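Chain by chain, the residues run as shown.
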Number of protein chains: 2
Amino acid sequence: MKNEKVTSLDVAKLAGVSQSAVSRYFTPGTSVSKKTSEKVKKAADALGYRPNIIARSLITGQSRIIGLVVAYLENYFYPEVVERLSKTLQDKGYHVLVFISSLAAENVDQITQEILDYQVDGIVLASANMSSDLAARCHASGVPIVLFNRLQDDQRLSAVTSDNRAGGRKLAEYLVSLGHKRFGYIAGFGGASTQRDREQGFREGLELAGHSLTLREVGNFRYEDAQEAARRMFGDAGHRPDAVFVCNDHMAFAVMDVLRFELGLRVPEDVSVVGFDDVPPARWPAYNLTTIRQNVDDMVVETVDTLLTQIGDKAAPSRRVVLDGELIVRGSTRSPNPAPKRGTR
Amino acid sequence: MKNEKVTSLDVAKLAGVSQSAVSRYFTPGTSVSKKTSEKVKKAADALGYRPNIIARSLITGQSRIIGLVVAYLENYFYPEVVERLSKTLQDKGYHVLVFISSLAAENVDQITQEILDYQVDGIVLASANMSSDLAARCHASGVPIVLFNRLQDDQRLSAVTSDNRAGGRKLAEYLVSLGHKRFGYIAGFGGASTQRDREQGFREGLELAGHSLTLREVGNFRYEDAQEAARRMFGDAGHRPDAVFVCNDHMAFAVMDVLRFELGLRVPEDVSVVGFDDVPPARWPAYNLTTIRQNVDDMVVETVDTLLTQIGDKAAPSRRVVLDGELIVRGSTRSPNPAPKRGTR
DNA sequence: TTCAATTTTGCATACGTATGAAAGGCACGA
DNA sequence: TCGTGCCTTTCATACGTATGCAAAATTGAA
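No experiment lies behind these values; they were computed from the predicted model shown.

A. Region of the structure containing the overall build of chain A. When its secondary structure is counted, chain A shows 13 helices and 12 strands. If one aligns the C-alpha atoms of chain A with their principal axes, the spans along those axes are about 90 × 45 × 35 Å. By residue count, 49% of the 345 residues in chain A fall in the buried class. At a minimum sequence separation of 6, the contacts of chain A that also span at least 24 residues come to 69%.

Here is the structure:
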């Protein structure tokens, strides 16, 4: 209940040195003699003193806070991101201030204002889009921004993504190689670059193999919407796809659930299902989903690298990092071995 | 790239007023005339000025930052918490600074030090335990703390939890009512109060009905550990439970997966499985898990209430809020209707 | 021992804002 | 016209720390 803040001045008095000495003791990379060092340490311990980061920030202009904007943690890709990102930054002496944004874009602009108010040293935008003028404004105020799992036309913004287009193509090629003929696609929210790129890659892959998309529905990255999309796509028994690419794993689970438990279809015998992300439930036996892995660890490392580089050198050029995504083959797709047809066994 | 910070003094000059006037304009609840109000607004807009929260904090002693300590977002109960908590606080003008802690306890103490360095206005401890002396220290420094989904012996700490013991009892009663005879329990991490209380309630419920726990294994709140636990518990076909309570949903999914896909057992026909939390996948058809609902919204509201009350009045007494958890009956438990045995259909 | 070179220390100031106290402005009634 | 009371504004200072600069102390070599 004692609300007595202990300051560097208190420590200085007790230790019989100047406030500067105390400050220097707690600032790495400054010279302070062994003698005073011990005096300060002793006094600081006795009083339970710790430097006030807020006051320090005011001087140095460094808050050691990174703002993270995230829209929905419902997709289990993002909790992993928050955890890894926060941990990695923590190890480097930074911390993450979370801003939850709605899907509406204006909201993001308002939130970014709030972020800037906190004098953050950098911003990570995940699962949220930002208006170009606001991006420009952040840039103008000298705060580095990294788009995570997002791309924007503005080339001045750094971004870390997987190669979503290549991923979509890989999935198309793989499904074609399994002998599938009728392809469905369940899309995410229209404004997202991940949605756009994955679909584009998937279509390209199909067309290169002489196929094309048969059916397309929109699931908006939400479980419930994806269920609806699956019902529409597979409702007409006569015109069903025999393979469906769902824009992310989260929605793929919804689709599989509808196929199996509402429509009585077997996965993969009747329909092959593939997703994107490789979130933890994708490898749980109940889903066992074939998907493209987004390596969260690598993405986070690149994000932090980019961010800290730009914090250290404001003149550093922006980077666009595109990571390869590995195809993870599991049990939600038909077996690749066509041998049984010939009866060789 | 222009790194020119615009301060209240700049605005004051442009508007032809004093710096105080600018400060008052941006401080709600202060009196400022309509005339200067407009001058300031105009100048501020022209320069793109926004008050520096860091500098403000130094004066007011209020950072409007709440520290959140969380250990693992792997359990999908916590992402919901982070999202709801952050959003609710955002609406009240606060923001959440995230601290990821390992499971080790010393780590939490170090992290709490870091939190205090940021001069947070309050702390929420979720999925992490804190040493008593550190709790005392936080208390001493006047920073309110709320334990979320955790209890501690120290009565001075506020806490918001579900009634875990009552929940465990409800589950026991329900399983008994279904006619089960052999009961298994898969425990969480030993140090957690949720683990302890849920198990205690479950045992009480069984004993009140003249039953007792047959088998017990430890899953440590982790998917993989829970799989192992399930293998041990159900490995011996002659001594299997016919109902199992898994300490949280996250582990329950692992157990169901092992039962169905490794051991070929049917849920609920061969074994009834119940969990705790009611995370989103619990209602997905693939699991369709009977469980106790922890109402995240209510828990968050109570947490924020408690926190803001104590921030507003440091002398406010600590609160312990215990919320009721509803039994959600789904398809992972045997049908309550014993009629088929008599062949009435 | 002396002096120059080097390290350590203290002093003073700055960071950007909030706020109590004092001064200024205004309207109103006498 | 003058004085009284109230609302605005300005002035000055404080919050807790970092840091350039100059003074002091230490070191090392001659």
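B. Up close: the protein's contact with DNA strand C. Contacts to DNA strand C come from 28 residues, most closely from Ser18, Ser31 and Thr36 of chain A together with Thr7 and Ser23 of chain B. Tallied by class, residues from the surface near DNA strand C come to 11 nonpolar, 13 polar and 4 charged.

C. Helix α3 (residues 34-47) of chain A, seen in detail. Residues and elements named next belong to chain A. When the terminal C-alpha atoms of α3 are compared, their 20 Å separation across 14 residues agrees well with the 20 Å that a helix rising 1.5 Å per residue should span. Each element contacted by the buried residues of α3 is listed here: α1 (8-15) and α2 (19-26). Backbone geometry just downstream of α3 places Gly48 in the positive-phi region, at approximately 70°.

D. The arrangement of the interface of chain A and chain B in detail. Across the boundary between the two partners, chain A contributes 42 residues, which contact 42 residues of chain B. Among the elements of the structure, α4 (53-60), α5 (77-91), β2 (95-100), α6 (105-117) and α11 (249-262) of chain A are those that each provide at least two residues to the side of chain A that touches chain B. Pairing between β2 of chain A and strand β2 (residues 95-100) of chain B: 3 bridges, direction antiparallel. Bridging from a neighbouring strand, Val96 of chain A pairs with Val98 of chain B of β2 of chain B.

E. Just the protein's contact with DNA strand D, in detail. Of all residues adjacent to DNA strand D, which total 28 residues, the nearest are Thr7 and Ser23 of chain A together with Ser18, Ser20 and Thr36 of chain B. Among the elements of the structure, α1, α2 and α4 of chain A together with α2 (19-26), α3 (34-47) and α4 (53-60) of chain B are those that each provide at least two residues to the surface near DNA strand D. When grouped by side-chain class, the residues that make up the surface near DNA strand D number 11 nonpolar, 13 polar and 4 charged.

F. Region of the structure containing the sheet that holds strand β6 (residues 183-187) of chain A. Residue and element names in this part refer to chain A. Spatially, the 4 strands line up as an open sheet ordered β7-β6-β8-β9, and their pairing is parallel. Whereas interior strands pair on both sides, the edge strands pair on one side only; in this sheet they are β7 (213-218) and β9 (272-274). Sheet twist, expressed as the average angle between the axes of neighbouring strands with direction ignored, equals 20°. Of the pairings in the sheet, the one linking strand β8 (residues 243-246) to β9 comprises 3 bridges and is parallel in character. Bridge assignment links Phe245 to a residue of β9, and that residue is Val274. Against the sheet, helix α8 (residues 164-177) contacts β6, β8 and β9, and its axis sits at roughly 165° relative to β9.

G. Region of the structure containing the packing of helix α1 (residues 8-15) of chain B against α3 of chain B. All names here are of chain B. It is the contact of α1 with α3, at a shortest axis distance of 9 Å, that shows an interaxial angle of 120°. In this view, α1 runs oblique relative to α3, as classed from their interaxial angle. The two elements α1 and α3 meet at a crossing, and its hand is right-handed. Side by side, α1 and α3 meet where Asp10, Val11, Leu14 and Ala15 of the first sit next to Lys39, Val40, Lys42, Ala43, Ala44, Ala46 and Leu47 of the second. Across the contact of α1 with α3, the residue classes tally to 8 nonpolar, no polar and 3 charged.

H. Just the sheet that holds strand β6 (residues 183-187) of chain B, in detail. Residues and elements named next belong to chain B. Pairing is parallel across the open sheet formed by 4 strands, whose spatial order is β7-β6-β8-β9. Each edge of the sheet is formed by a strand with only one pairing partner; in this case those strands are β7 (213-218) and β9 (272-274). Within the sheet, the average angular offset between the axes of one strand and its neighbour, ignoring direction, is 20°. Bridge count between β6 and strand β8 (residues 243-246): 4 bridges; the pairing is parallel. From the neighbouring strand, Phe183 faces β8, where its bridge partner is Ala243. Each of β6, β8 and β9 touches helix α8 (residues 164-177); the most contacted strand, β9, lies at about 165° to it. Helix α9 (residues 193-208) contacts β6, β7 and β8 of the sheet and is inclined by roughly 170° relative to β6.

Thresholds, definitions, all that
Residues numbered from 1 in each chain as written. Chains lettered and ligands numbered in written order. Predicted model: local features only at pLDDT ≥ 70, side-chain atom pairs only at ≥ 80, totals over all residues. Helix = DSSP H or I, 4+ residues; strand = E, 2+ residues; numbered from the N terminus. Buried ≥ 20, exposed ≤ 12 C-beta atoms within 10 Å, placed from the backbone. Contact = placed C-beta atoms within 7 Å. Near = placed C-beta within 6 Å. Nonpolar A, V, L, I, M, F, W, Y, C, P; charged D, E, K, R; others polar. Expected span 1.5 Å × (residues − 1). Pairing = 2+ DSSP bridges. Axes fitted to C-alpha atoms, helices over the stretch in contact; angles between N-to-C directions. Parallel < 35°, antiparallel > 145°, perpendicular 65-115°, else oblique. Left-handed = near helix turned anticlockwise from the far one by under 90°.

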